[in-house]
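Spelled out from the first residue to the last, the chains are:
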Amino acid sequence: MISNQILQDTIEGIRTITKVDLVVMDVEGRTLAKTLDGSVDGYEDAVAAFADSPAESQAMLGCQFFKVNDDKQLEYVIMAKGENDTTYMVGKMAAFQIQNLLVAYKERFDKDNFIKNLLLDNLLLVDIYNRSKKLHIDTDVKRVVFIIETKTEKDNNALETVRNLFASKTKDFITAVDEKNIILVKEVKANETYDELFRIAKVIVDMLNTEAMSSVHVAFGTIVNEIKEVSRSYKEAKMALDVGKIFYSDKNIIAYNNLGIGRLIYQLPIPLCRMFIKEIFDGKSPDEFDDETLVTINKFFENSLNVSETSRQLYIHRNTLVYRLDKIQKATGLDLRVFEDAITFKIALMVVKYMKYMETLEF
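Conventions used here
- Along each chain, residue indices are assigned from 1 in the same order as the chain's sequence is written.
- Since the coordinates come from a predicted model, pLDDT governs what is reported: local features require at least 70, and pairs of side-chain atoms require 80 or more to be given and counted, while whole-chain, interface and lining totals use all residues.
- The basis for every side-chain value is the complete set of non-hydrogen atoms in the structure, without hydrogens or water.
- Exposure classes here rest on a 1.4 Å probe applied to the protein chains alone. A residue is buried below 20% of its type maximum, exposed above 50%, and partly exposed in between.
- Strands are runs of DSSP state E lasting at least two residues, helices are runs of H or I lasting at least four, and both sets are numbered from the N terminus onward.
- Summarising the geometry, the arc corresponds to the directions from the helix axis toward the C-beta atoms.
- Note on contacts: a residue pair qualifies if any of its non-hydrogen atoms lie within 4.5 Å across the two residues.
- What makes two strands pair is DSSP finding at least two bridges between them.
- Under the rule applied, a polar contact is a pair of N or O atoms within 3.5 Å (in protein, one hydrogen donor and one hydrogen acceptor; residues adjacent in sequence only if both atoms are side-chain atoms).
- What counts as a salt bridge is simple: a side-chain nitrogen of Lys or Arg found within 4 Å of a carboxyl oxygen of Asp or Glu.

1. Some thoughts on helix H2 (residues 44-52)
Here's step 1: For H2, the full list of buried residues reads Ala46, Val47 and Phe50. All buried residues of H2 project into a common sector of 95 degrees when viewed along the axis, lining one side. Counted as exposed and oriented over 90 degrees from the buried face of H2: Asp45 and Asp52.
Here's step 2: Against strand S1 (22-25), strand S3 (57-60), strand S4 (63-70) and strand S5 (73-81) lie the buried residues of H2.

Structure representation (structure tokens):
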């Protein structure tokens, strides 16, 4: 439904041009928006009588009254101050403008409802194309789905910022299917690449940080060619968001086509993960080391198993690093200086991260 602020902005614009004061009321005579100074109490009975009458407009109490219907059901009553021909014309114009707003908002709601059901796979294939045609949505353009996760639930500032950012893009859709995620279904031009999509995601992150003071994570799926495939891009974006939280927590933008081994591990069943950890570490967890050892391991991996560079960055002697690596080898049976063992240990750390994340979802 149209917000009171939109109604207020509309009649104030008309008042500025015509100098005629206007009031928008509901069917029970309650004031929703007005340009008049002071109270407009005392018109409830007149509005109620007008609402029950068959007339579309009526002059009484020094004012002109007009009806605004939504699918033949009375939605608003417009009151224009004055009884001359000019007032009548302005009142009719205001009623016409708000009637058009109702139609536009209803169409927007219908499109929003359609996009939500499309993302959630709640539509049959025939319904997708029939409703797309009815809502004038192109079915054969390229699209991609972005998911923007906010830290707080129902972040309306973030939602409005995203809507304003893409307001001029009439073929893009912004919606939400839960409390924390804003979803952007964006049309992709023929010359746009995944690098361009990453730049768009960065613009979203930067804009929300500055305009809405909101820290967000953005994930996006792959580009799809038809509207029936949009739900696939949405599922990919959801997976990218989860994989990013588990394995790439330092990044606030993550793309489905750049998940690496994280995508593979994310799809492993938990029993298989437990079996792998037990087989490699005999039931122990590779993340049970003290903080110093874990920092050493991560820095060693960051420097591509280079002992000299790792010891330099950790400000320790080379022999101290070798001692720590020998200690890890005795505890796990894996020598991180050997590429195959290092790969096994790295995957094991990622598997443990995945298992812990899935455990948090169970509670």
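2. Let's talk about the pairing of S5
Here's step 1: In the sheet, S1 pairs with S5 via 4 bridges, with the strands oriented antiparallel. Looking at the pairing, Val24 lines up with Ile78 of S5.
Here's step 2: The sheet contact formed by S4 and S5 spans 8 bridges and is antiparallel. For Phe66, the partnering residue across the bridge sits in S5 and is Ile78.

3. A look at the environment of Glu83
Here's step 1: Within the secondary structure, Glu83 sits in the loop between S5 and helix H3 (85-119).
Here's step 2: In this structure Glu83 comes out as partly exposed when scored by relative accessible area, which is 48%.
Here's step 3: Taking the C-alpha atoms as reference points, Glu83 and Cys273, 190 residues apart in sequence, are found 79 Å from one another.
Here's step 4: Polar side-chain contacts of Glu83 include one of 3.2 Å to the backbone nitrogen of Gly62.

4. Describing the pattern of salt bridges
Here's step 1: Using the criterion set out here, one finds 18 salt bridges in the structure.
Here's step 2: Ionic pairing is found between Arg232 and Glu229, a salt bridge with its closest N-O pair at 4.0 Å.
Here's step 3: A residue is classified by how much of its surface remains accessible, and Arg232, at 38% relative accessible area, is partly exposed.
Here's step 4: Look at Glu229 and you get partly exposed, because its relative accessible area is 22%.
Here's step 5: The partner of Glu309 in a salt bridge is Arg312, and the shortest N-O contact between them spans 2.6 Å. Of the two residues, Glu309 and Arg312 are both situated in helix H11 (residues 307-314); the distance of 3 residues between them amounts to about one turn of the helix.
Here's step 6: By relative accessible area, Glu309 is classed as partly exposed at 25%.

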